[in-house]
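The residues making up each chain are set out below.
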Amino acid sequence: MGSAGRGGRRGVDRGAHGANSAQEAHAVLDAPLGAGDTPLGIDDTPAATDGVNGTPGARRGANAPPDPPPPGAHSTLGTYRRVVALTGAALPVVSFLARLPTATIQFGSVLLVARTSGSLGTAGLVGGALAVGQVVCGPLVGRLADRHGQRTVVLVFSFANALAIAALVTGALTHLAPAPLALLGALAGASVPLIGPLARARVVALARGTGTGDRTVSTALSFESTLDEISFVLGPALVGLAAVLAHPAYALGAAALLVAVCGTGFALHPTATAVSSARTARKRAHVNAARPRIALPALSAAPRIPRSVHALRAALALQGAMFGACQAGITALTERLGAADQAGLVYAAMGVMSAVAGLSMAALPARVGLRARWHAATAAALVLSLPLLWTDSLWGLYAVVTVLGVAYAPHLITVFGLTERAVPPARLAEAMAFATSAIVGGQALAVAVTGRLAESYGPGAAFAVGSAVAALACAISLTARPTTYAETEKTLHARVHTKTETETEDDSHACVPQENTPS
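Owing to the predicted nature of the structure, the values given are computational and were not obtained by experimental measurement.

Cut-off values and rules
- Residues numbered from 1 in each chain as written.
- Predicted model: local features only at pLDDT ≥ 70, side-chain atom pairs only at ≥ 80, totals over all residues.
- Heavy atoms only, no water.
- Helix = DSSP H or I, 4+ residues; strand = E, 2+ residues; numbered from the N terminus.
- Buried < 20%, exposed > 50% of the residue type's maximum accessible area, 1.4 Å probe, protein only.
- Contact = heavy atoms within 4.5 Å.
- Areas by Shrake-Rupley, 256 points an atom, 1.4 Å probe, with all protein chains shown as cover.
- Axes fitted to C-alpha atoms, helices over the stretch in contact; angles between N-to-C directions.
- Parallel < 35°, antiparallel > 145°, perpendicular 65-115°, else oblique.
- Nonpolar A, V, L, I, M, F, W, Y, C, P; charged D, E, K, R; others polar.
- Patch = residues over 30% accessible without salt bridge, like charges linked within 9 Å, V, L, I, M, F, W, Y side chains within 5 Å.
- Salt bridge = Lys/Arg side-chain N within 4 Å of Asp/Glu carboxyl O.
- Phe/Tyr/Trp six-rings, centres within 6.5 Å; stacked < 30°, edge-to-face > 60°.
- Lys NZ or Arg CZ within 6 Å of the ring centre and 35° of its normal.
- 1 Å grid on protein atoms, 1.4 Å probe; cavity = no way out; pocket = protein on both sides within 12 Å on 5 of 7 lines; lining within 4 Å.
- Points joined across faces, edges and corners; volume = space filled by probe spheres on them.
- Left-handed = near helix turned anticlockwise from the far one by under 90°.
- Core = buried A, V, L, I, M, F, W, Y, C linked by side-chain atoms within 4.5 Å.
- pLDDT = per-residue confidence, 0-100.

Engineer: Please provide a residue-by-residue account of the overall build of the chain, values included.
Structural biologist: For the chain, the count of helices and strands is 19 helices and zero strands. For the chain, buried positions account for 49% of its 519 residues. Taking the intrachain contacts of the chain between residues at least 6 apart in sequence as the baseline, contacts between residues at least 24 apart amount to 84%. Accessible surface computed for the chain: about 23,400 Å², of which carbon and sulfur atoms make up 66%.

In structure tokens form, the structure reads like this:
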């Protein structure tokens, strides 16, 4: 029986002896927890224990025994089959097509404005405004999805993004002034529905809700990161192909159509209800707090993001900055070698290798923990980036950049995994959106800074910044101490325990009747 039941019986017994409510709360806190008990005397019904999608045990404890694996689960292919079985085969396809416009509009807007206006400065202004809009509003999209559910939020932002992209294309074709074009670019970035982060939150909720182990969650994150990598390789390639064969406007028009159609499909998919909204969680917490047998102060309805997540966000921003610095250096070096049209293929080689490395992450043994993977990924990124400083040929660039791609996806997958374990389930979509915004922001800032460095001092300057950023990311991985949400809850419960003990002692002293002294 749960601790609430024991606390209730103790409260009745103490009530028979004239105990007050403060003593009852103290007794509940002191009651030892059994194997199936829940902390803080909260009822262990599904409504009370719902952490992700209304199922008990959605968030596994730090010491929870692993589930017995089904046949074939130990193989990498078997683990990926379990991930696809959680969502169905249609959702990965729809989510991939729905996130493809995000990878298309950044590069596509620059090409479009550069061709229609004839000004690289205006094109850079529009592209920068688009990136700023996504960075600023990305976390807001995630927070809205946590509070109101993914279905409504994705529907609204998918149609808004389609309209914003169409408006940007129309404005560029009608030769609007730079300021209005930049505003349209900012709106296109701010309205991005962030299918990638929300898909991560959704599949993690499904995995946690069915009680699967951390291996399945890690594989799900690997799969989602691989879809991101492929989209960010394929998106710019399609834009470049459209620019060569016809006009960049066609690529952006297709992006608007994709985000409207496939974004709607992602929103209406039955798995959209897997992630409980924070509003539902608050209602349940309120109902539980109102029950007479819970004699405890209600916990915060909107749990805070732990401070340890800031280091993870900084690491992702630095990875984005490293990618941006490499992008600027690759562009400058290919131009110097007279092969500027090869820059896109070099990016593609890096992206393909990164995607392969991401898919291979599921084959790592479980004994290699996330922190060890984090250390290895950042160290690899630092070491493998150093040869870029001495690269001066096209084929050498292909070789070095392709090998460097091995470090990108594993780092992303690992940090997303650490983030998933650290944040409250009710704010998972917001955390994933913030992480994605950190990558985009770091990349945009690095491209702007290192692009000028490469023009003034050569591609080696941009590559040097990339290696320095990789060193900072490695230092963060070695010094940061990311916590899990279970550890954060344990600390919070201990604080509540201590506080309630103090209040109980004060109340007991206040209730002691003072004797009247004779006059």
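Past the structure itself, the notes keep going.
Engineer: Can you explain unusual backbone geometry? Please cite residues and give values.
Structural biologist: Non-glycine residue histidine 175 carries a positive phi angle of around 60°. The exposed category is assigned to histidine 175, whose relative accessible area is 59%. Residue leucine 194 is not a glycine yet carries a positive backbone phi of 55°. Relative to the helices and strands, leucine 194 resides in the loop between helix H8 (178-190) and helix H9 (195-209).

Engineer: Any chance you could break down the packing of helix H10 (residues 214-245) against helix H14 (residues 343-360) for me, citing the residues and the numbers?
Structural biologist: Interaxial distance between H10 and H14 falls to 9 Å at its minimum, and their mutual angle equals 170°. Judged by the angle between their axes, H10 and H14 are roughly antiparallel. Counted together, Ser222, Thr226, Glu229, Ile230 and Val233 of H10 and Ala348, Gly351, Val352, Ser354, Ala355, Gly358 and Leu359 of H14 form the full contact between these two elements. Its residues assigned to classes, the contact of H10 with H14 shows six nonpolar, five polar and one charged.

Engineer: Give a description of a nonpolar patch on the surface that names residues and reports values.
Structural biologist: A contiguous nonpolar surface patch, about 570 Å² in accessible area, is contributed by Ile230, Leu234, Leu238, Leu241, Val244 and Leu245. Tracing the chain through its elements places leucine 245 in helix H10.

Engineer: Before we move on, could you go through the packing of aromatic side chains and cite the residues and values that matter?
Structural biologist: Going through the model one piece at a time under the given rule, you end up with two aromatic pairs. Geometry around phenylalanine 266 places arginine 202 over its ring, the cationic atom sitting 3.8 Å from the centre. Above the ring of phenylalanine 434, the side-chain terminus of arginine 313 is found at 3.8 Å from the ring centroid.

Engineer: Can you break down the pattern of salt bridges residue by residue, with the values?
Structural biologist: This structure, assessed with the given rule, holds six salt bridges. Across the pair arginine 99 and aspartate 228 runs a salt bridge whose closest N-O atoms are separated by 2.8 Å. Separated by 129 residues along the polypeptide, arginine 99 in helix H5 (residues 90-117) and aspartate 228 in helix H10 bring together distant segments of the chain. The burial state of arginine 99 is the same as that of aspartate 228; both residues are buried. Its salt-bridge partner being glutamate 430, residue arginine 143 comes within 2.8 Å of it at the nearest N-O pair. In this pair, arginine 143 is assigned in helix H6 (residues 120-148) and glutamate 430 in helix H17 (residues 428-457), connecting sequence segments 287 residues apart. Here arginine 143 falls in the partly exposed class, since its relative accessible area comes to 33%.

Engineer: A description of empty space enclosed by the protein should follow, citing residues and the corresponding values.
Structural biologist: For the structure shown, the criterion picks out two cavities of 30 Å³ or more. Lining of the largest cavity is provided by Leu318, Gln319, Met322, Thr378, Ala381, Ala407, Tyr408, His411, Val469, Ala470 and Ala473. Only helix H13 (308-336), helix H15 (370-385), helix H16 (394-422) and helix H18 (459-479) provide two or more residues apiece to the lining of the largest cavity. Of the residues contributing to the lining of the largest cavity, the split by class is eight nonpolar, three polar and no charged. In this structure, the second largest cavity spans a volume of roughly 40 Å³. In terms of lining residues, the second largest cavity is bounded by Val83, Val84, Thr87, Leu91, Pro92, Ser95, Val203, Phe223 and Glu224. Secondary-structure elements contributing two or more residues to the lining of the second largest cavity are helix H4 (76-87), H5 and H10. Its residues placed into classes, the lining of the second largest cavity shows six nonpolar, two polar and one charged.

Engineer: If you had to explain the packing of helix H7 (residues 150-173) against H8 to someone new, which residues and values would you point to?
Structural biologist: Put simply, H7 and H8 touch, their axes get as near as 8 Å, and they point 160° apart. Judged by the inter-axis angle, H7 sits roughly antiparallel to H8. Along this stretch, H7 crosses H8, giving a crossing that reads as left-handed. Where H7 approaches H8, its residues Phe157, Asn161, Ala164, Ala167, Leu168, Gly171 and Ala172 are matched on the opposing element by Leu181, Leu184, Gly185, Leu187, Ala188 and Ala190. Among the residues making up the contact of H7 with H8, the classes are represented as 10 nonpolar, three polar and no charged.

Engineer: Requested: an account of the nonpolar core, with residues and values cited.
Structural biologist: In this structure, Ile105, Leu221, Phe266, Leu316, Trp374 and Phe416 are the most contacted members of the largest nonpolar core, which totals 77 residues. Sequence-distant contacts of phenylalanine 266, that is, excluding residues within four places in its chain, are made with Leu91, Val94, Ser95, Gln150, Val154, Ile195, Leu198, Ala199 and Arg202. Of all hydrophobic cores here, the second largest spans 26 residues; its members include Ala321, Cys326, Leu404 and Ala446.

Engineer: Talk me through the confidence of the model for the chain; I want residue IDs and the actual numbers.
Structural biologist: Averaged over every residue, the pLDDT of the chain is 76; residues scoring 70 or more account for 72%. Of all secondary-structure elements in the chain, the lowest mean pLDDT belongs to helix H3 (residues 46-49), at 36, while H7 reaches the highest, 95. This stretch, residues 1-73, has a pLDDT under 50; its non-local contacts, to residues over four places away or in other chains, come to 124 contacts. Here residues 492-519 is a poorly scored stretch, pLDDT under 50, and it has 20 contacts once near neighbours within four places are set aside; other chains count.

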